[in-house]
Amino acid sequence: GITLDVTDREVARARLQGLYDELLHVSRLADAGVMASGLVHEVAQPLTAATSAVQAAKLTAHRAADLLPRELQEGLAQACGLGEGQLARAGEILEGLRACIIPHGTVRSPEALRPLVDDACILAMVGFGRSRIEMRNAVPEGLPDVLVNAVQIRQLLFNLLRNAIQALAERGAAAAAPAVTVTAYAQDDVVTVQVADNGPGLAPEVAAQLFEPFVTTKPDGMGIGLSLCRSIVEAHGGSICAEANPGGGVAFRFTLPVAHRDEAARAKQDEDGAHGSG
């Protein structure tokens, strides 16, 4: 008989499934948040215009008060007041929707960047294991920790990596040695991360509005992924950009804050306090 110990394999598989489920859940919530934010932005403009129109009508009725019967004056004032109130209520509903869906005050802790990239690379390659695409984690070992929400940064990296993989997969055999490379370096109080591929690149008209909600080059895409990436980076106090990769393809670059010793100690105290209160 032959005995095989598959414990390590099953533990790794369970961890991968757990990460994937967590990422999927957060992704759905974040997508909903981005959609809500985009809707608020788009609807706010006509609401503002409608409010200005009602206020102008109210002012015109006030100036023409001497020319109108009293009953008509009261009716116009009542209608304008009702219109203003309902428009204000609509704005409050939209803002409330965005506030409910978009998470605030997410917990951040000092995290080593390389393991986060490892996790995101494994998740992003799900479904593309038989492809010729090479995934390279070139983040140096000695990089300082970053002060981040680990789940959000996995989501950010997953979105960028998945986009690059899909672009390379669509290119097919035309790409010689298709590869996606993640690199990073520290400077002052920030760590700059780059996700680069040697795929087909971006059309200029798309690059100009790449991070806007609902802008996509995919036939079945919603145009939310990169907008979400920008939201995550900006929530961490950083910035994100995309430019042509010198070797062909696209290079996305974003910044994250370095975790200082006092921040690491504070995060450790908060974690210990949370465990103690349980």
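Residues numbered from 1 in each chain as written. Predicted model: local features only at pLDDT ≥ 70, side-chain atom pairs only at ≥ 80, totals over all residues. Heavy atoms only, no water.

Across its full length, the protein carries seven helices and seven strands. When its helices and strands are written in sequence order, the protein yields α-α-β-α-β-β-α-β-β-α-α-β-β-α. Expressed as a percentage of the 278 residues in the protein, the buried residues total 32%. Of the roughly 16600 Å² of accessible surface on the protein, a fraction of 55% belongs to carbon and sulfur atoms. (Helix = DSSP H or I, 4+ residues; strand = E, 2+ residues; numbered from the N terminus. Buried < 20%, exposed > 50% of the residue type's maximum accessible area, 1.4 Å probe, protein only. Areas by Shrake-Rupley, 256 points an atom, 1.4 Å probe, with all protein chains shown as cover.)

According to the stated counting rule, one finds six salt bridges in the structure shown. For R70, the salt bridge goes to E74, with nearest N and O atoms at 3.4 Å. Of this pair, R70 and E74 both sit in helix α2 (residues 70–101), separated by four residues, roughly a single helical turn. Classification of R70 as exposed rests on a relative accessible area of 65%. On the accessibility criterion, E74 (44% relative accessible area) is partly exposed. R136 is the salt-bridge partner of E134, the closest N and O atoms lying 3.2 Å from each other. Looking at E134, the relative accessible area reads 40%, which means it is partly exposed. Among the residues examined, R136 registers a relative accessible area of 35% and is labelled partly exposed. (Salt bridge = Lys/Arg side-chain N within 4 Å of Asp/Glu carboxyl O.)

Here we take up the pairing of strand β5 (residues 190–197). For β5, a buried count of six out of eight residues is recorded, marking the element as mostly surrounded by other parts of the structure. For strand β4 (residues 179–187) and β5, the ladder comprises eight bridges, and the chain directions are antiparallel. Within β5, the residue paired with T181 across the bridge is A196. Counting the residues between successive antiparallel strands, the hairpin from β4 to β5 contains two residues, one of them, D188, with a positive phi of roughly 60 degrees. (Pairing = 2+ DSSP bridges.)

Turning our eyes to something else, we now look at helix α6 (residues 225–235). Buried within α6 we find L226, S227, L228, C229, I232 and V233. Following α6 by one or two positions, G237 adopts a phi angle in the positive range, close to 80 degrees.

Let us look at the environment of L82. With respect to the helices and strands, L82 occurs in helix α2. By relative accessible area, which is 57% here, L82 ends up exposed. Separated by 28 residues in sequence, L82 and V54 have C-alpha atoms that sit 9.7 Å apart.

Turning next to the nonpolar core. Counting residues in hydrophobic clusters, the biggest one holds 43 residues, and the most contacted among them are L113, L157, V193 and F254. Counting residues per element, the ones that place at least two in this core are α3 (113–124), β3 (146–148), α4 (150–171), β4, β5, α6 and β7 (250–257). For this core, the leading source of residues is α4, giving ten residues. Not counting residues up to four positions away in its chain, the partners in contact with L157 are L116, V117, A120, V193, V195 and F254. (Core = buried A, V, L, I, M, F, W, Y, C linked by side-chain atoms within 4.5 Å. Contact = heavy atoms within 4.5 Å.)

Let's shift gears to α3. A rise of 1.5 Å per residue sets the reference length of α3, with its twelve residues, at 16 Å; its end C-alpha atoms lie 16 Å apart and thus fit the reference within 8%. Among the residues making up α3, those that are buried are L113, L116, V117, D119, A120, C121, L123 and A124. (Expected span 1.5 Å × (residues − 1).)

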